[in-house]
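Each chain is listed here by its residues.
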Amino acid sequence: MIRKKICLLGSFAVGKTSLVRRFVHSEFSDRYQTTVGVKVDKKLVRVEDQDVSLVIWDLHGEDRWQTVRTSYLRGASGALLVADGTRLETLEVVRGLSQTFLDMNPKATVRVLVNKLDLLESFAIPQEEWRARIDWAPMAFTSAKTGEGVEEAFEALARGGSA
Amino acid sequence: MSDESAPEGFAQALWQAALGEGLSAWAELDADQRVVRFGGDWGHFGWEHPQVGQAAMDALPLLLGELPARGPLQGMRRMHAVQWTGGAAADLTLFPLPQGTGLLAYDVSAQVAHQGRMQQEGNQLSLVTARLAGKGLGSALNSEDDLLSLLKMAVFEADEEGRCRALGTLAPWAEALVEENAAGERTLVRGDGLGFLDNFLEDALEFWRAGAAGHLTSGVWCEGQPDEEERCYEALAVLDEQGRRNLVLERVDARFQERQRVLQRARQAHLSLETLEGEVHKKEVLLQCIVHDLRGPLSNMMAVLSLLDERDMERPKEKELLALARRQADKQDRMMRELLDIFAAEVRALQSFEAHAASAPDLGAAVEYQVQHMGPAFEEKGVRLSARVEPGPWPVVADADRLDRVLRNLVGNALHHAPAGSEVELWLHRTRRKPEVAPGGSRQSSSSAPSDATAEEWAELSVLDRGPGVAPDKATQIFDRFVQSGLATSGGTVGLGLYFCRNAVQTWGGRCGYRDREGGGADFWIQLRPAR
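The numbering scheme is per chain: residues are counted from 1 as the chain's sequence reads. Numbering of ligands from 1 and lettering of chains from A proceed in the order in which they are written. Given that the model is predicted, a residue must reach a pLDDT of at least 70 before its local features are reported, and side-chain atom pairs must reach 80 or more before they are shown or counted; all residues, however, enter totals for whole chains, interfaces and linings.

Colleague: Give me the lowdown on the overall build of chain B, citing residues and values where you can.
Modeller: Numbering of helices and strands runs from the N terminus, with a helix taken as a DSSP run of H or I at least four residues long and a strand as a DSSP run of E at least two residues long. Across its full length, chain B holds 13 helices and 19 strands. Buried means a residue has 20 or more other C-beta atoms within 10 Å of its own C-beta, exposed means 12 or fewer, and partly exposed covers the counts in between; C-beta atoms are placed from the backbone. Here chain B holds 532 residues, and 36% of them are scored as buried. Remark: residues whose backbone-derived C-beta atoms lie within 7 Å of one another are considered to be in contact. Taking all contacts inside chain B whose residues are at least 6 apart in sequence as the whole, residues at least 24 apart take part in 61%.

Right, dumping it as structure tokens:
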């Protein structure tokens, strides 16, 4: 069976843990619970008639209290870089983490997710502008709350990239 | 908690956004840095409660050096973990406000204490590992079982390949992590190579091979399904004095929960602060918009009326000017009536724009519009205004109304500085550049667009004057709020026009900047993405 390590990276409170919960357990909670350290989950997905075991590393949010250890990124096939659509500054964090991740895993795949699509009216900038600013990597809009775009995001990484 | 007056305006926003999160203190200062109103519990931080009208630096001496003696604060300032004698630790933030300065302090003593505890735990762990390394694990396990049990640790010895054999008696939680091999040894179960412990063991092997002193920690990780108790661990690699490779595995559930609680509180406070910053910023933008909306048409109207004073009303040109003055007056009247509506709509409008060619504004047409409508004001000052526009069309990513305002501010700025008898030229042309993906970055004082094959063709508008230009020490800040060009001739302006330009252009994904004009003068430029 193919096994792939996927990392979720981004600033704090952008919804990384919620995306994992939605994808792995089909659950969502509005209550914000900060992640300390790393939370590891697994999910089996079927891609092009093959079983792929995803080992999902949900890494704590990057801020002045916690920074991501680069050793956590080792051996990853892909990363979901998560920004919060209502907080433009989270895109800067994503860009920095993307570079760090690709330095560690040059052949890996990254995908930027602009999360909280259910709060579209509160987005910091319009969707077109998010697209324009994220022209350096594949990107998608997601909502961990409604599930929109979540399966597709993980499955896109399950399909591509190698460690 | 003390609240000397009912909060209103900014103070009310502070009250709602921040005070609900915990013990806080706040104050609103006027332009002379004197206390206008205040609230919260100042005593909690060991500070005397201020008096209305008191100088802020007298009330809170730690502000010395942080606040200007008078006038607006340039940007936001933060002081982290400030601790006054006998008081709780505070994160202190100073906000620029339209009428002065806002001050907000909130309690971070829990975070500070937590950091202290972490440091203490780290020191304690170092002592334990030093003890283990000094005595050798065999004797440590015989004589200090109680210590290991107390610390909720399980100890393993690793071989060259990283296989970890359990030593001593394991607690039930650790028993679940081992399997027995053919030789009857209990070894740590290895995963598929992608799990957390496998990852850490790679680092640990390097650490052991290097023969380094001290210990290597893994950081906290958690495992578990939603319907079961989450298990949190931390691992430690240490080399004893006999050169044996020891792995210490620790359950850290309680420490994890405490750390999570503290971090959560800190981050929620941070989110509240971000929300507050956003609200303050919107109000600032709103103020700029109102100032410029009122000022622009009025300036034109006054210039036109000034011309009419000198001429015969019967001539067709004057009738045309009179009609223009009436239109501007009507516009101002409409704006006054709709002021309250604009308050709500302005910020939304600033954040919207057209990106499709069919509906996007045409920059060439906007330039021609400015030449036509600013013409009388230029004529009155004896400055010629001309446009050089390369063949269009020029659909750009922007909002039509705000684009007009950006151009009006740039052209108005040129008029302000251009000497009589000179010419201001608007030059619209195409330039090749890679799109700027990161926010910000428009403050550069010169532009050198890359021209490789992947670059995109953008629209660039230069507003060129023969004025004295911008002082070199101001060139990088000229698009900041309340910054003027540093010239004697700039009196009377409030320094918000270029700041508005920067905000609007950045919102559309474009850029703006300043460079000296060849032959003398200023070149203020904007670059906008083509609409498709």
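Anyway, onward from the coordinates.
Colleague: Report on the interface of chain B and chain A, specifying residues and quantitative values.
Modeller: Each side of the interface is counted separately: chain B has 31 residues, and chain A has 33 residues. Mapped onto the side of chain B that touches chain A, the elements with two or more residues apiece are helix H7 (196-210), strand E12 (221-223) and helix H8 (253-308) of chain B. A per-element tally of the side of chain B that touches chain A places H8(B) first, with nine residues. Across the side of chain B that touches chain A, the residue classes break down as 15 nonpolar, nine polar and seven charged. Relative to E12(B), strand E2 (residues 38-47) of chain A runs parallel, the two being bridged by two bridges. For Lys39(A), the partnering residue across the bridge sits in E12(B) and is Cys222(B). Lys, Arg, Asp and Glu make up the charged group, whereas Ala, Val, Leu, Ile, Met, Phe, Trp, Tyr, Cys and Pro make up the nonpolar group; the residues left over, Gly among them, are polar. Pairing between strands is defined by DSSP: at least two bridges between the two strands are required.

Colleague: Would you mind going over helix H12 (residues 400-417) of chain B in detail, with residue names and values included?
Modeller: Here a helix's expected span is defined as the number of its residues, less one, multiplied by 1.5 Å. With 18 residues, H12(B) should reach 26 Å at 1.5 Å per residue; the first-to-last C-alpha distance of 26 Å fits that figure. Summarising burial for H12(B): 15 of the 18 residues are buried, a large majority.

Colleague: Can you explain helix H1 (residues 16-25) of chain A? Please cite residues and give values.
Modeller: In an α-helix, one turn spans 3.6 residues, which is why side chains three or four residues apart end up on the same side. All names here are of chain A. Most of H1 sits out of view: eight of its ten residues are buried. Taken together, the buried positions of H1 are Lys16, Thr17, Ser18, Leu19, Val20, Arg21, Arg22 and Phe23. Here the buried face of H1 lies against strand E1 (2-10), E2, strand E3 (50-59), strand E4 (78-84), strand E5 (109-115) and helix H4 (150-159). Just beyond H1, the residue with positive phi is Ser26, at close to 55°.

Colleague: How would you sum up the confidence of the model for chain B? Please name residues and give values.
Modeller: Caution applies to low-pLDDT parts of the model: their predicted coordinates are not meant to be read in detail. All names here are of chain B. The predictor rates its confidence in each residue with pLDDT, a number between 0 and 100. For chain B, the average pLDDT comes to 74, and 70% of its residues sit at 70 or higher. Across chain B, the secondary-structure element scoring lowest on mean pLDDT is strand E1 (residues 2-3), at 36, and the one scoring highest is strand E15 (residues 384-389), at 94. Residue range residues 137-143 is modelled with pLDDT below 50. Its contacts to residues more than four positions away, or to other chains, number 13 contacts. Contacts of residues 482-495 to residues separated by more than four positions or lying in other chains number 26 contacts, the stretch itself having pLDDT below 50. Interface confidence for the predicted complex, expressed as ipTM, amounts to 0.79; the pTM equals 0.51.

Colleague: So what's going on with the environment of Gly191(B)? Which residues, and what values?
Modeller: Residues and elements named next belong to chain B. Summarising the element assignment, Gly191 is placed in the loop between strand E10 (186-188) and H7. A count of 14 C-beta atoms within 10 Å places Gly191 in the partly exposed class. The residues touching Gly191, leaving out its near neighbours within four places in the chain, are Leu197 and Asp198.

Colleague: Requested: an account of unusual backbone geometry, with residues and values cited.
Modeller: Residue Pro393(B) follows Gly392(B) across a cis peptide bond; omega there is 5°. With respect to the helices, strands and loops of the structure, Pro393(B) is situated in the loop between E15 and H12. Phi is positive for Asp49(A), which is not a glycine, with a value near 65°. Along the chain, Asp49(A) turns up in the loop between E2 and E3.

Colleague: Give a detailed account of the environment of Val112(B), specifying residues and quantitative values.
Modeller: In this structure, Val112(B) sits in helix H3 (residues 109-135). Taking the C-alpha atoms as reference points, Val112(B) and Ala89(B), 23 residues apart in sequence, are found 7.3 Å from one another.

Colleague: Give a detailed account of the nonpolar core, specifying residues and quantitative values.
Modeller: One recurring pattern in soluble globular proteins is that nonpolar side chains are buried together. Only buried residues count toward a nonpolar core: Ala, Val, Leu, Ile, Met, Phe, Trp, Tyr and Cys, linked into one set through C-beta atoms within 7 Å. In this structure, Cys7(A), Leu8(A), Leu9(A), Trp57(A), Ala79(A) and Leu81(A) are the most contacted members of the largest nonpolar core, which totals 102 residues. An automatic or database domain assignment provides the domain bounds reported here. Here this core spans two domains, since at least three of its residues come from each of domain 1 (2-106) and domain 2 (112-251) of chain B. When near neighbours in sequence (up to four residues on either side) are disregarded, Leu81(A) contacts Leu9(A), Gly10(A), Val94(A), Leu97(A), Ser98(A), Val110(A), Val112(A) and Leu113(A). With 47 residues, the next largest nonpolar core counts Val367(B), Val397(B), Cys512(B) and Tyr514(B) among its residues.

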